[in-house]
Amino acid sequence: MKRVITFGTFDLFHIGHLNILRRAKEQGDYLIVGVSSDELNEKKGKKSIIPLKDRIEIVKSLTCVDEVFIEDSLELKDEYIKKYNAELLVMGDDWKDKFNWVSCNVKYLERTPNISTTYLKNSIAMVYKD
Ligand code: CTP
């Protein structure tokens, strides 16, 4: 059984998130997802709108996702890979070549065009700016 792992914030869950999780699952048989903690997001310079508990619950409820855990640090990628016994790390191609140092195979999948959490935040801000 091939175990695949991926990571993300999954804030304001959108179609790009669903697409990458579905395609990550197609790379193997069992999909494990690390969801970034609110503290990690702050370190990444992001402020998540949806709290961690809810982001986890949403990702966990997807049929393509088998297991979810909290990602506390970007530097611990390889520890998580080993802990969850993953054979393949999947990331969107905005991360291309950033994780070539980990101990398992890595595949960067093309992002879904024209959607991101940042885009949604900006769109909402525009609509409610007055
Ligand atoms: N992703 C994707 N296509 C998109 C947006 C995200 O494939 N249009 C992927 C990312 O490449 C990543 C995963 O979804 O592997 C989680 O991304 P995340 O950072 O949570 O979402 P973004 O929408 O990229 O968030 P932000 O705008 O805050 O960077």
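From a predicted model like this one, the values you see are computed outputs, not experimental measurements.

What counts, and at which threshold
Residues numbered from 1 in each chain as written. Predicted model: local features only at pLDDT ≥ 70, side-chain atom pairs only at ≥ 80, totals over all residues. Heavy atoms only, no water. Helix = DSSP H or I, 4+ residues; strand = E, 2+ residues; numbered from the N terminus. Buried < 20%, exposed > 50% of the residue type's maximum accessible area, 1.4 Å probe, protein only. Polar contact = N/O pair within 3.5 Å; in protein donor to acceptor, adjacent residues only side chain to side chain. Expected span 1.5 Å × (residues − 1). Contact = heavy atoms within 4.5 Å.

1. So, the environment of Tyr 108
Right, so step 1: By the secondary structure assignment, Tyr 108 is in strand β5 (residues 105-109).
Right, so step 2: Residue Tyr 108 is classed as buried on the basis of its relative accessible area, which comes to 16%.
Right, so step 3: Between the C-alpha atoms of Tyr 108 and Tyr 128, which are 20 residues apart in sequence, the distance is 35 Å.
Right, so step 4: Polar contacts involving the side chain of Tyr 108 include one to the main-chain amide nitrogen of Phe 99, which spans 3.1 Å.

2. Some remarks on helix α1 (residues 15-26)
Right, so step 1: For α1, spanning 12 residues, the distance from its first C-alpha to its last is 17 Å, which sits close to the expected 16 Å at 1.5 Å a residue.
Right, so step 2: Taken together, the buried positions of α1 are occupied by Gly 16, His 17, Leu 18, Ile 20, Leu 21, Ala 24 and Lys 25.
Right, so step 3: Against the buried residues of α1 lie β1 (3-8), β2 (30-36), α3 (52-60), β4 (88-92), β5 and α5 (117-127).

Purely spatial values, then, with no claim about function.
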